[in-house]
Structures are given as structure tokens and as C-alpha cells.
Protein chains: 2
Amino acid sequence: MGVGTTGQGGRMSKGSRRQVTLEDVARLAGVSASTVSRSLSMPHMVRASVRESVLWAVSRLGYVPHGAARALARRRNATIGVIIPSLRFTVFADLVESLQAELGAAGYSVLLGHAGSDLRYEADQATALLSRGIDALVLVGNAHDQSLERMATNTGIPVVTTFDYRLDAPYPCVGIDNQAAGRALVDHLLDLGHTRIAALMPDERFNDRAARRLAGVRGALADRGLALHPQHLVLGDGAAEVGRAAMAELLGREPSPSAVVCFSDLVAIGAVVECRARAVSVPGAVSVAGFSGIGLAELTHPAITTVSFSAVDIGREAARLVLDRLDGDGQAPSVEVPHRLEQRASTAAPGP
Amino acid sequence: MGVGTTGQGGRMSKGSRRQVTLEDVARLAGVSASTVSRSLSMPHMVRASVRESVLWAVSRLGYVPHGAARALARRRNATIGVIIPSLRFTVFADLVESLQAELGAAGYSVLLGHAGSDLRYEADQATALLSRGIDALVLVGNAHDQSLERMATNTGIPVVTTFDYRLDAPYPCVGIDNQAAGRALVDHLLDLGHTRIAALMPDERFNDRAARRLAGVRGALADRGLALHPQHLVLGDGAAEVGRAAMAELLGREPSPSAVVCFSDLVAIGAVVECRARAVSVPGAVSVAGFSGIGLAELTHPAITTVSFSAVDIGREAARLVLDRLDGDGQAPSVEVPHRLEQRASTAAPGP
DNA sequence: TTGTATGCGTTATCAA
DNA sequence: TTGATAACGCATACAA
């Protein structure tokens, strides 16, 4: 679609310039509108010489197809809705960027919505995107509002979920096994000899990934006859500042933990900062672990032990699933993206 | 538009369920289609009792307006295109999130495009968004490809640019005065007594904000009879890892700088990490300053001196400008968002 | 205040 | 291979 010049969509500002239509191109090329349409959408169905003159007319007039008209006629929008909690989390920014690249290459655009951590709000966003016209919906996690689920089934548009892989997922999904990941992190600490392990995490009621990780944490503890002490669970989501505050809170509690798992790397970084501010040695006095494996976690001092995975991979695979549902045979299965324990300097055996 | 249930847009999957249309609602409510349309778009133009029964039918059928049809009829898409270099940069993620919130509240959706740092690619993205149908376009910076500019003027859709405020901007813009900000940072270092000042920055040919900052840097130096030594300009964009590598490069050069300004906080953080790895004291042996004022720059050790500003404010004001162009009188002027020098521990007077 | 008729720009169906 | 023509679903000018 050549670097066209005139398009639709804008308010006709003052000059009220008319949209260049298929008709205009047809007239200039001396053919019918349908031939122009075909020359653009199914070039092989039209004689080469005709196609050439059409293309010439197109670029001469700077014709750009009218998206809405096309969507109306084709019953398809070439647009995918993506709803994430927030772009401030590196992993979601990576997801969106990756999705956009993959879907863009296949001719789809991305319509973006933010949901915070509120499932009701997520459903509202979905309604908005749906009425805007989307061919598929990409969500984060597997817990969603009833009204959203109803909408999805009623409209029949494909839904793909991300960041949480599980066999019983309601939609095709691509993500990590959060429970196994949570377990791996705690097993690592247990192996080091820790017994008083705390967790800094989002409210599990609003975050099913966190809930799964917590299940993994509890499971690992239970397997060794231990449990998460109620005083050892502190809520705190996302930002380093929050991690700092949560760590401050935790350090004031009894019994004091010898290790802390954070469900986000930034929170872990904040926790370490707070420890330094209080002259609490990491990992001397307390071990700290993060989650996600963002680049920064490797550069801090000490470098942060974490469970790493690729949000970019999740985006790419999610795009594959979406395209399979839209243009393929719709049989592509959910995919588990691997995670890996990155053992670094912020965790060590507990002091004597 | 109640939490509807049935919408358009999806491929009709197998069952090929038909879209619920205005007509269906009209039939059920016992009125004409136009009355239904009015009940939804101009409720005050219809008798209360009628409106009620329409609304009832709407929710009964789970009617959701068909975006494309609506866009076609109204010649307006209720969609704003936003093209940014990358979501991996905190400031752009903040911009998008802020824009989305403000525009969403006004009934607009955000269609997102990523351009990297390539103006040609940005223009391609613009073409894609334009043909998807957007009512306005939000860009980053004031330097753009000719073809994009041509498209913009030909379509007549409003364009608003962000992050670079300048009087001679080709479109209404909202951002900081990058030149003044660059100058402020270097003045601070000069006041501390530095004379060998280096810069870690993106290639100015592809980044007009960086070019302006560099102009500010050079200006401040020139005012004191100094200049940027050619060996003291190292390219490196965005990520902490990149800042680390750039700093490594810089530390190997002659003459060695006593202070380094980075055009991004993450790069500054990376630079500090590299210094620590080499046992180069910050700010003892070399001062390091960042740019943007992301939260993390305050938490590092040492905390990073930076020029801070609010990308969220930029987003909010950009949304205001867009809405003014679309629904207002189109007279709202460009806005300069304030920046502030945050003097922190990473900069100090040079050693003897 | 409500209904009728028409247009929005494309694609798809069907003849030619 | 090409050209009429009928959808596609909604908004609006105009008539009632």
C-alpha cells in the first residue's frame, strides 16, 4: 500500500477535503471499482497491465484504503485488542512490544487497554475494545470477570491469555508455570538452609499469577514440614519504592525472616535498597530473591537471585496463537514458556 | 453502553453467529432503527419512556455498537494513533499509559505503533495507522520523515508531538525544553568545578531530543570557553547494559573525563555499575549524571543526579491538545512541561 | 419526538 | 478476467 498520502479518519477540518475513494481511482485508471479493489487485495486475479495502471492511479491520487469501510465489508478489523495491567511493569511493556511486532508483520494493528489490577475495570476495557472492533483479545492471566467471559463466548472472538500457563486454562494460553517457579525459588532458599522465609507480593485475590506462585511457595515449604508464617506475608506490588516500604514493614515484624522472596524484581531491588539503608547486610543478614529476570536485576549490588523468563517470547507465542485462531486451523496448543532459576549474589546460606 | 455481551469484529468462527444490529433492537423495542440510534447517541432527543424500552432491549439482546459501521457513518473513528520509539523506555510507557487514560475517559481508544529510532519506519507505522483509521496522531519529537509530514497535511488529521517543546515546532507540541535541560545539567557540573565533561547519548541524527540536549551541553561549555572533546562523546541508547558498555569505552579514552552526563537515567545507572566494577569511585573519581528522573535513579547508590520531568504530565497535556483539536476550538497552544535539576550524590566537585 | 430514505467506502456475489 | 449490484451496520437530513 505504497506510502500513500490521503486517508480517511480525520475530521474534515476546515477545508473539508473529500476522501479519495476507490471510485476516484477507478475513474482515473479507466476501470471499475471492483477491479481496483481486486488489484489491491487479490492482485493475481487481475491482468498485469490493468493492475499496473491501477497501481499508477493509486499512487498518483495517494489513495489509502478506508479502514472502517473495509472492516465493515469484510467483517474483520485487522485489529487485535490487548489488555494489560500496566505498562509500568517491564514485562508487560515487553509483551506489548513483542505482540505489536509479530502481529504488525501479519497485517494486524494493536488496540491497547490498561486494566490496573481490577478485574471489573478489565471487563470495561474489553467492552470498549470490542465495540471498537477487534478480531481477537489478548489478556494477562487466567482470572477474569464473569461479564468478560460472557462477552467473549457470545461474540465468539478468540481469546488468548498470557503469563500463566496451566492445563485447565479456560482459553489457549502462553506463559510460565508460576507454581513451579515459586516452588523453585523457595526450594533454592531451603537448600541453602533457610527456614524463616517471607514473601513480598501483590494481593493474590487480584492477581492469579501471584496466587499460583504463592501456592508454589507454600507447597515447597510444606514438603519440608514448614509453613509461611502469617507475619511473613507482606503485600506490595510492582515498583521499587513499594518494595522498599514493604521490606521496612517486614523488618519490623517478629519472627524476623532470614530470606525474602519478592514476586517482582523491582520490588526485590527496593527491598535490597531498604536493607542497605538500615545497614542490614544482603545476603549476610537476610537473603533476597526476585522474580522475572529483568536486566537490572543482574546489575545491582549484590546481583539479585531471580526466576527469569522471556516476556518477549510470551508475546511472540501469543501472537502465533492469535494468528492460528484467525488465519490458521485453530488447533495450535497452549505453550509453556520456560523459566529458569538465576542464582546470584543476593541469596546465600543464613548466618549462624 | 451497559456491559453488553454480543459484539462484532470476530471472525464468525464455526457457528457463524450473526451480529446483533440496531435493527434487532428496534424490532424488539417496537421502534425504528433511528430511534434506537438516537437513544444511544443523543438520549435527550428521545422521550424517556421510549428510551427506557430501547435500553431494555439493548441489554436484553446484549447489543454492542459496531465500531466500523459507526466510524463509516460518522466519518470519525474515536481512535487516536500513538507512535513511540519503544515501550522499553519508562518515559514512553508512562506517556502511553497517561494518554490512554485521558483519551479513554473522553471515549477514544489508542492504536499503538512502535518506530524504533528509524524515521522511515515511523512513517510506515503512520501509514498503517492511518489506513486503520485514526482521528489524530501523537508522535515523539519534532523530527519526522517527509512522507509522514505529507500524509499528515494531506489527510488533515491533527498531529501532536511530545517530549520536545520548541517555539518553531511544526505541530502543536508538549514537552520539555531539552536544550535548557542539557544546559542546566552541564552548568551544574561546571559550577562544581568540572572542565572535562563527557556525554553518553543516542545518535543525534536519529533523535532530535538528544540533539537539542547536546546543543545545550555545547552551549553551556562554550559560555565558559570550553568545548566537548571529540573523545568525550560516546553513543549509547536506553538500556543500563548499554550504559555500562559505553562507560567502559569512555574510561579507556584520553583525556579521561571528570564528569559524564548521560541522556537517560538507565544509561547513567549502567555507567555507575561499570565504575563500581572497575573500582572507579562515583563521585570521587568521576561524577555521573542522568536524565529523566525515573524513580530508580533515586534509589541507587549513590543516588543519581538527574534532570527530572513528568512523562505522565506530557501525556495528559498531549491528550488535552488532541481533544482540543478534535472536539474543542483547536486553539489550545503548545505547552512546555517543566524540568528540574535533581542534585544528588552521584555528582560532586572533581578530586584534586 | 419519531420514522423514512439515503449515504458512508469496501468487498463479495453473480453474470457477462 | 471484468463489471454491475447488493450487502455491511450505523448516522443523519428531511419529512411527518
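Residues numbered from 1 in each chain as written. Chains lettered and ligands numbered in written order. Predicted model: local features only at pLDDT ≥ 70, side-chain atom pairs only at ≥ 80, totals over all residues. Heavy atoms only, no water.

**Structural notes on the overall build of chain A**
Here is the rule we go by: In this text, helices come from DSSP runs of H or I with a minimum length of four residues, and strands from runs of E with a minimum of two, each type numbered from the N-terminal end. The globule rule used here is 2.2 Å times the number of residues to the 0.38 power, and the radius of gyration it is set against is calculated over C-alpha atoms. Contacts are assigned to residue pairs that have any heavy atoms within 4.5 Å of one another. For the accessible areas, the method is Shrake-Rupley and the probe is 1.4 Å, while residue cover comes only from the protein chains on display. His residues and chain termini do not enter the charge count, which takes Lys and Arg as positive and Asp and Glu as negative. Where a charge lies is defined by one atom per residue type, namely NZ (Lys), CZ (Arg), CG (Asp) and CD (Glu).
Scanning chain A for helices and strands turns up 13 helices and 12 strands. Relative to the compact-globule value of 20 Å for 352 residues, chain A shows a C-alpha radius of gyration of 26 Å, a clear excess of over 25%. Considering only C-alpha atoms, chain A reaches an extent of 90 × 40 × 35 Å along its principal axes. Pairs at least 24 residues apart make up 70% of the contacts formed inside chain A by residues separated by at least 6 positions. Accessible area of chain A: about 14100 Å², with a carbon and sulfur share of 52%. One way to put it: in chain A the 35 positive side-chain charges average out to a point 9 Å from where the 35 negative ones average out.

**Concerning the protein's contact with DNA strand C**
As a reminder, the rule being used: Summary of the distance rule: residues count as near a molecule or strand when at least one heavy atom falls within 4 Å of that molecule or strand. Think of a polar contact as two N or O atoms within 3.5 Å of one another; within protein, one of them needs to be a possible hydrogen donor and the other a possible acceptor, and neighboring residues in sequence only count if both atoms come from side chains. Under the scheme applied here, ten amino acids are nonpolar (Ala, Val, Leu, Ile, Met, Phe, Trp, Tyr, Cys and Pro), four are charged (Asp, Glu, Lys and Arg), and all others, including Gly, are polar.
Every one of the 25 residues lining DNA strand C counts as a neighbour, but A:S37, A:Y63, B:S34, B:T35 and B:V46 are closest to it. Atoms of DNA strand C within 4 Å of the protein belong to the sugar or the phosphate in 66% of instances, the rest to bases. In this structure, B:R38 approaches DNA strand C through a side-chain N or O atom, which is 2.8 Å from a base nitrogen. With 4 residues, the single largest contributor to the surface near DNA strand C is helix α4 (residues 67–74) of chain A. Its residues assigned to classes, the surface near DNA strand C shows 11 nonpolar, 9 polar and 5 charged.

**Some words on the layout of surface pockets**
Our working definition: Computed over the protein atoms alone on a 1 Å grid, cavities are sets of points where a 1.4 Å probe fits but cannot get out and pockets are open sets with protein on both sides within 12 Å along at least five of seven lines; a residue lines them when it has an atom within 4 Å of a point. Grid points are joined across faces, edges and corners, and a volume is the space filled by probe spheres set on the points.
Of the pockets and cavities examined, the second largest pocket occupies roughly 1200 Å³. Along the wall of the second largest pocket there are 46 residues; nearest its centre are A:T90, A:L266, B:R88, B:T90 and B:L266. Of all the elements in the fold, those that place two or more residues in the lining of the second largest pocket are α5 (90–105), α10 (240–251), α12 (296–299), β10 (306–308) and α13 (311–327) of chain A together with α5 (90–105), α10 (240–251) and α13 (311–327) of chain B. Here the residues of the lining of the second largest pocket are counted per class, giving 24 nonpolar, 13 polar and 9 charged.

**Details of the packing of α5(A) against α13(A)**
All names here are of chain A. Filter applied, for reference: Angles run from 0 to 180 degrees between N-to-C directions of axes, and those axes are lines fitted to C-alpha atoms, restricted for helices to the stretch in contact. Note on angle classes: values under 35 degrees are labelled roughly parallel, values over 145 roughly antiparallel, values of 65 to 115 roughly perpendicular, and the remainder oblique. For any pair of crossing helices, the crossing counts as left-handed if the nearer helix is rotated counterclockwise from the farther one by less than a right angle, and right-handed if it is rotated clockwise.
Relative orientation of the contacting elements α5 and α13 amounts to 40°, with a least axis distance of 7 Å. Taken together, α5 and α13 sit at an angle that is classed as oblique. Crossing of α5 over α13 shows right-handed handedness. Side by side, α5 and α13 meet where V91, D94, L95, S98, L99, E102 and L103 of the first sit next to A311, V312, I314, G315, R316, A318, A319, V322 and L323 of the second. The class makeup of the residues in the contact of α5 with α13 is 11 nonpolar, 2 polar and 3 charged.

These values are about where atoms sit, not about what they do.
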